[in-house]
Amino acid sequence: MNHHKLLNWLRKYPWLCLALLAIPSTAYAADGKPTGILGAIDAIFSYLVAALSQILFFSIGGMPFIVLWLIIGAVFFTIRMSFINFRAFGHAISVVQGHYDNPAEAGEVTHFQALSAALSATVGLGNIAGVAIAIQLGGPGAMFWMTVAGLLGMSSKFVECTLGQKYRIVKPDGSVSGGAMYYLSRGLGELGLRPLGKVLAPLFAVFCIGGSFGGGNMFQANQSFAAVSGVIPFLQGRNWLYGLVMAVLVALVIIGGIKRIGSVAEKLVPAMCLIYILASLFIILTNIPQIPSAVGTILREAFFPQAIAGGFIGVLVQGFRRASFSNEAGVGSAAIAHSAARTEEPIREGIVALLEPFIDTVVICNMTALVVVITGVYTDTKADGAQLTNVAFASAISWFPIVLAIAIFLFAFSTMISWSYYGERSWEYLFGDRTTLVYKALFVFFVFVGAVVNLGAVLEFSDMMILSMAFPNILGCFLLSNKVAADLQDYMQRLQTGKMPVFK
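One numbering rule holds for all chains: residues counted from 1, following each sequence as written. Selection of residues for local features in this predicted model requires a pLDDT of at least 70, selection of side-chain atom pairs for listing and counting requires 80 or more, and totals for whole chains, interfaces and linings are taken over all residues. The side-chain values count all of the structure's non-hydrogen atoms but skip hydrogen atoms and water molecules.

Participant: Hey, could you run me through the overall build of the chain in this one?
Facilitator: A run of H or I in DSSP becomes a helix once it reaches four residues, and a run of E becomes a strand once it reaches two; helices and strands are each numbered from the N terminus. Helix and strand counts for the chain stand at 23 helices and four strands. Residue exposure (1.4 Å probe, protein chains only): buried if accessible area is under 20% of the type maximum, exposed if over 50%, otherwise partly exposed. A burial count over the chain gives 60% of its 504 residues as buried. Across the chain, contacts joining residues at least 24 apart in sequence account for 83% of those joining residues at least 6 apart. Only the protein chains shown count as cover for residues, and all accessible areas are computed by the Shrake-Rupley method using a 1.4 Å probe. Of the roughly 19,200 Å² that the chain leaves accessible, carbon and sulfur atoms contribute 66%. By definition, residues are in contact when any of their heavy atoms lie within 4.5 Å.

Participant: What should I look at first to understand the environment of Ala 279 in this one?
Facilitator: Tracing the chain through its elements places Ala 279 in helix α13 (residues 257-285). Residues Ala 279 and Val 371 lie 92 residues apart in sequence; the distance between their C-alpha atoms is 9.7 Å. Excluding residues within four positions of it along the chain, Ala 279 makes contact with Phe 393 and Phe 400.

Participant: Got a minute to help me understand the nonpolar core in this structure?
Facilitator: Note on soluble globular proteins: their nonpolar side chains tend to be buried together. With 116 residues, the main nonpolar core has Phe 158, Tyr 183, Ile 351 and Leu 354 as its most contacted residues. Sequence-distant contacts of Leu 354, defined by excluding residues within four places in its chain, comprise Ile 84, Asn 85, Ala 88, Phe 89, Ala 92, Met 154, Lys 157 and Phe 158. Ala 221, Phe 225, Ala 251 and Tyr 439 belong to the second largest nonpolar core, which has 22 residues in total. Nonpolar cores are built from buried Ala, Val, Leu, Ile, Met, Phe, Trp, Tyr and Cys residues. Side-chain atoms within 4.5 Å join them into one set.

Participant: Hey, could you run me through the packing of helix α11 (residues 194-231) against helix α20 (residues 400-431) in this one?
Facilitator: Relative orientation and spacing of two packed helices are given, respectively, by the angle between their axes and the distance between those axes. Angles run from 0 to 180 degrees between N-to-C directions of axes, and those axes are lines fitted to C-alpha atoms, restricted for helices to the stretch in contact. Interaxial distance between α11 and α20 falls to 8 Å at its minimum, and their mutual angle equals 165°. What the angle tells us is that α11 and α20 run roughly antiparallel. Handedness of the α11/α20 crossing: left-handed. Of the residues belonging to the contact of α11 with α20, the class tally is 23 nonpolar, ten polar and no charged. Angles are sorted into four bins: roughly parallel if under 35 degrees, roughly antiparallel if over 145, roughly perpendicular if 65 to 115, and oblique for all others. By definition, any crossing whose near helix is turned counterclockwise from its far helix by less than a right angle is left-handed, and any crossing with a clockwise turn is right-handed. Amino acids are sorted into nonpolar (Ala, Val, Leu, Ile, Met, Phe, Trp, Tyr, Cys and Pro), charged (Asp, Glu, Lys and Arg) and polar (every other residue, Gly among them).

Participant: What is the right way to read the packing of aromatic side chains from this model?
Facilitator: Aromatic rings from Phe, Tyr and Trp, taking only the six-membered ring of Trp, are treated as a pair when their centres fall within 6.5 Å; an angle between ring planes under 30 degrees marks them as stacked, one over 60 as edge-to-face, and anything in between as tilted. Applying the stated criterion to the full structure yields 23 aromatic pairs. With 5.8 Å between their ring centres and 15° between their planes, Phe 65 and Phe 471 make a pair best called stacked. Placement of the pair is Phe 65 in helix α4 (residues 65-80) and Phe 471 in helix α23 (residues 470-496), with a sequence separation of 406 residues. Looking at Phe 65, the relative accessible area reads 21%, which means it is partly exposed. Members of the aromatic cluster, each reached through a chain of ring pairs, are Phe 213, Trp 427, Phe 431, Tyr 439, Phe 443, Phe 445, Phe 446 and Phe 448. Criterion for a charge above a ring: Arg CZ or Lys NZ at most 6 Å from the ring centre, at most 35 degrees from the ring normal. Its guanidinium or amino end placed over the ring of Phe 234, Arg 238 lies 4.4 Å from that ring's centre, counting from NZ or CZ.

Participant: Explain the pattern of salt bridges to me, please; I cannot follow it from the model alone.
Facilitator: Opposite charge on two side chains permits them to pair, given that their charged atoms come into close proximity. Salt bridge, as used here: a side-chain nitrogen of Lys or Arg that lies within 4 Å of a carboxyl oxygen of Asp or Glu. Tallying each qualifying case throughout the model produces eight salt bridges. Linking Glu 356 and Lys 157 is a salt bridge whose minimum nitrogen-to-oxygen distance equals 3.1 Å. Here Glu 356, found in helix α18 (residues 355-375), pairs with Lys 157, found in helix α9 (residues 142-166); they are 199 residues apart in sequence, far enough to count as distant. A relative accessible area of 0% means that Glu 356 is categorised as buried. Look at Lys 157 and you get buried, because its relative accessible area is 0%. Taking the shortest distance from any N to any O, the salt bridge between Arg 494 and Glu 345 comes out at 2.9 Å. With Arg 494 in helix α23 and Glu 345 in the loop between α16 (334-338) and α17 (346-353), this residue pair connects regions lying 149 residues apart in the sequence. Here the salt bridges share partners, and the residues they tie into one network are Glu 424, Arg 425, Glu 428 and Lys 440.

Participant: In this structure, what is going on with α18? I would like to understand it.
Facilitator: One turn of an α-helix holds 3.6 residues; hence residues three or four places apart share an orientation. Given a rise of 1.5 Å per residue, 21 residues ought to cover 30 Å, and the 29 Å separating the end C-alpha atoms of α18 matches this to within 8%. Within α18, the axis deviates most sharply at Cys 365, by approximately 30°. α18 sits mainly inside the fold: 17 of its 21 residues count as buried. Once α18 finishes, Gly 376 follows within two positions and takes phi at roughly 75°, a positive value. Multiplying one less than the number of residues by 1.5 Å gives the expected span of a helix. A residue's bend is the angle separating two fitted axes: one through the seven residues that end there, the other through the seven that start there.

Participant: Help me understand a nonpolar patch on the surface, please; the structure alone is not making it clear to me.
Facilitator: Distance thresholds for patches are 9 Å for like charges and 5 Å for nonpolar side chains (Val, Leu, Ile, Met, Phe, Trp, Tyr), applied to residues having over 30% relative accessible area and no salt bridge. A cluster of nonpolar residues, Leu 274, Leu 278, Leu 281, Leu 285 and Ile 288, forms a patch on the protein surface that exposes about 460 Å² of accessible area. Tracing the backbone through its elements, the reader meets Leu 281 in helix α13. On the accessibility criterion, Leu 281 (31% relative accessible area) is partly exposed.

Participant: Honestly, the packing of α11 against helix α12 (residues 239-254) in this entry has me stumped. Any pointers?
Facilitator: Contact geometry of α11 with α12 gives a least axis separation of 10 Å together with a crossing angle of 120°. Between α11 and α12, the angle is such that the two are oblique. At the point where α11 passes α12, the crossing takes the right-handed sense. Judged by residue contacts, Ala 221, Ser 224, Phe 225 and Val 228 of α11 engage Asn 239, Tyr 242 and Met 246 from α12. In terms of residue class, the contact of α11 with α12 is built from five nonpolar, two polar and no charged.

Participant: How do you make sense of helix α21 (residues 436-452) when you look at a structure like this?
Facilitator: Counted at 1.5 Å a residue, the expected span for α21 with its 17 residues is 24 Å, and the 25 Å between its end C-alpha atoms agrees. Buried residues dominate α21, accounting for 13 of its 17 residues.

Participant: Would you mind going over the environment of Ala 485 with me for this structure?
Facilitator: Among the structural elements, Ala 485 can be located in helix α23. For Ala 485, a relative accessible area of 14% translates into the label buried. As for Ala 485 and Met 81, which are separated by 404 residues in sequence, their C-alpha atoms are 6.1 Å apart. With residues near it in sequence (within four places) discarded, Ala 485 still touches Arg 80 and Met 81.

Participant: How do you make sense of unusual backbone geometry when you look at a structure like this?
Facilitator: For residues besides glycine, phi is generally negative; the peptide bonds are generally trans as well. The backbone of Ser 82 shows a phi angle near 55°, a positive value even though the residue is not glycine. Residue placement: Ser 82 occurs in the loop between α4 and α5 (84-87). Judged by relative accessible area, which is 41%, Ser 82 ranks as partly exposed. The backbone phi angle of Phe 83 is positive, close to 55°, even though this residue is not glycine. Assignment of secondary structure puts Phe 83 in the loop between α4 and α5. With a relative accessible area of 44%, Phe 83 lands in the partly exposed category.

The values reported here are purely geometric and, on their own, carry no functional implication.
Below, the structure written as structure tokens:
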């Protein structure tokens, strides 16, 4: 290969070059922490996370403000939209089944593909590792508050995804740009609050890019490596190799944009959800006598926690914090995927979106919680996150960690490809569509970084970026809620009077 070809190759694959530069010569200290280049990356990252945490996670009366902000928003939207999370549930199922899909409407993906793309970003390691972390830090009672957060979060998701559709921009080539950046700028502009929108929209975009690198990327790589290396001994101590392989796979998909992501997600999400649900049901059904006791433990510990730092508030915070990280209701991320749906009815897409927190938190997270509590492994202090869930499954089915490792890999992969789209749209909003290749290169590189840094730093950074998106998002949704309520009343009236066209 002459030097011209080498330069062209470097320009074509900059993300791979970055990763190759960081490959170590198996350098780990006696305590298991990386040294050399990997150690430097880990140390710098941990320091930055600690500094940012002091700024973004301030508390009021022992409760992080951002968690309180999410609770207030979810309760307000549930009441303001007249409990849309319950009364539109059946209609949401009909829409997902394609009964209202009009191929002539503008958009890039179907309702089901939009839901799958958004679910592939939410149904992930938050359901496996996040639940285990919540139970470890907040006790079994944290799962009760995760469920409450999921039910209330359905209303938050409805509002933000409706607004994502309402204020999206359809380009001449048919591609779509939408999400919180657009309803914060265009929507608030309609209310005469354009200066506020010019501050909130870029702020959201910055946090979303950070969230895509953190919870949507590094956390997934970090925890999936822990699970996969547990069943493939060859990978132990070779997290750099796992990160490199995962980076290549992610790059192959995200280059194709939302259409390829939606196509992959609509096949991958149902399959991986089915695998995980069936596995969880097997353990739950084979331990039916223990279910009443497990449920009783969850309910008792939700209100009267024992030996948990922070007491009741500590359990509540862990439940809502982990639920928000898992289903992302209130943070505005899913609005980016749903804005690309092929429809001219924003309310309809919002109704589809409210299914996400239900599937993600009320169904899948509860299954994980029951498995962890029934098997009693949550008292094991040697395992963290996905490893704890792995121990829970292994205690009931000795060979199941292999299947779980596959499921975790698929969860992580699907989350990464969808979050890459969220971050890319935010990057485009800030820097223009001609620079999105730079974002993709950075995203793929952070897949590698996530595999080699420690869980503590990754978890804190992931929480900070994703939850911080809720600051500008919920404020904008508050201010625009009257517009959503008016559109909802009109939509439901047409639906109930039979004026809504049905296509199949």
